[in-house]
Structures are given as structure tokens and as C-alpha cells.
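Each chain, letter by letter, is given below.
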Amino acid sequence: MTKAELRAKNPKINFIKTKWLVEKPDAVLLKEAFIPDEDMQAFPKIETGTRIYPLSITAYPSVLKRMTAMEAGVWAIEKCHQQHWDMSLDNFQCCLANLEMDFQ
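Predicted model, so just to flag it, every value in this text is computed and none were measured.

### Focus on the sheet that holds strand 2 (residues 34–35)
No. 1: If you trace the 3 strands from one edge of the open sheet to the other, you get 2-1-3, paired in mixed fashion. Of all strands in the sheet, those bounded by a partner on one side alone are strand 2 and strand 3 (51–56).
No. 2: Where strand 1 (residues 13–18) meets strand 2, 2 bridges bridge the pair, whose relative direction is antiparallel. Looking across to strand 2, one finds that lysine 17 is bridged to isoleucine 35.

### Looking at the nonpolar core
No. 1: Ranked by internal contacts, the top residues of the largest apolar core, which has 26 residues, are Phe15, Ile16, Leu55, Val63, Ala72, Phe92 and Leu96.
No. 2: Mapped by element, the contributors of at least two residues to this core are strand 1, helix 2 (27–33), strand 3, helix 3 (61–66), helix 4 (69–83) and helix 5 (89–103).
No. 3: The leading source of residues in this core is helix 4, at 6 residues.
No. 4: Residues in contact with valine 63, not counting those within four places in the same chain, are Ala72, Leu96, Leu99, Glu100 and Phe103.

Rules used in this analysis
- Residues numbered from 1 in each chain as written.
- Predicted model: local features only at pLDDT ≥ 70, side-chain atom pairs only at ≥ 80, totals over all residues.
- Heavy atoms only, no water.
- Pairing = 2+ DSSP bridges.
- Helix = DSSP H or I, 4+ residues; strand = E, 2+ residues; numbered from the N terminus.
- Core = buried A, V, L, I, M, F, W, Y, C linked by side-chain atoms within 4.5 Å.
- Buried < 20%, exposed > 50% of the residue type's maximum accessible area, 1.4 Å probe, protein only.
- Contact = heavy atoms within 4.5 Å.

Structure representation (C-alpha cells):
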């Protein structure tokens with residue numbers, strides 16, 4: 001799945017880079033922690049049904065040096081599909097933590 005395919009299937013899913021780990025996302029905290037990325041220069045609009053998955057540069061430094069947050073998120077979604085796991089932030093983080101270890 002590419003970023004374009006993810007946007008076509010569900011345009012309200014956004015993975016964003018954050019300066020620190022955001023455990024309980026709320027709009028104000030996410031905006032403060034947001035780091036613009038190549039493919040997402042501005043903080044995404046928060047509308048009904050929008051899901052924002054924060055990916056901290058402190059948790060995944062090697063991954064987020066090599067990929068944008070959306071690329072890393074799409075990769076995590078694909079891994080969850082392969083493993084027949086639920087699409088949840090916990091599972092995405094598990095996949096990305098394994099990838100982080102592979103990159104080190």
C-alpha cells in the first residue's frame with residue numbers, strides 16, 4: 001500500500017512526527033509536538049472521524065530519519081495486515097519498534 005492508496009481508502013488517517021512521545025493525544029498537545037514532514041508541511045485538519053497517530057522522533061529516531069511519518073505509518077499498516085493484527089496504535093508502535101531495532 002502506498003501513501004496515495006491509504007489516502008484513497010481512508011483520507012482521515014494521518015501519521016505525524018512529534019518532538020516527544022505523546023501518550024494521550026489531544027489537539028493542543030499534538031499541535032505543540034508536531035514536526036512538519038516532507039509530505040505533511042502543516043498540521044492536519046481535525047474533523048469528525050480523523051485519526052492522528054503520533055510517531056515520536058525520540059522513540060523511532062532511525063526509522064524517522066529514513067522515512068516520513070506517513071511512510072512509516074503505511075509500512076506499519078502493511079505489517080499489521082501481514083500478521084493479521086488489529087489496526088491500532090499499539091500494534092503500529094510494535095511494528096515500528098522492531099523496524100527501529102533492525103535499523104540499528
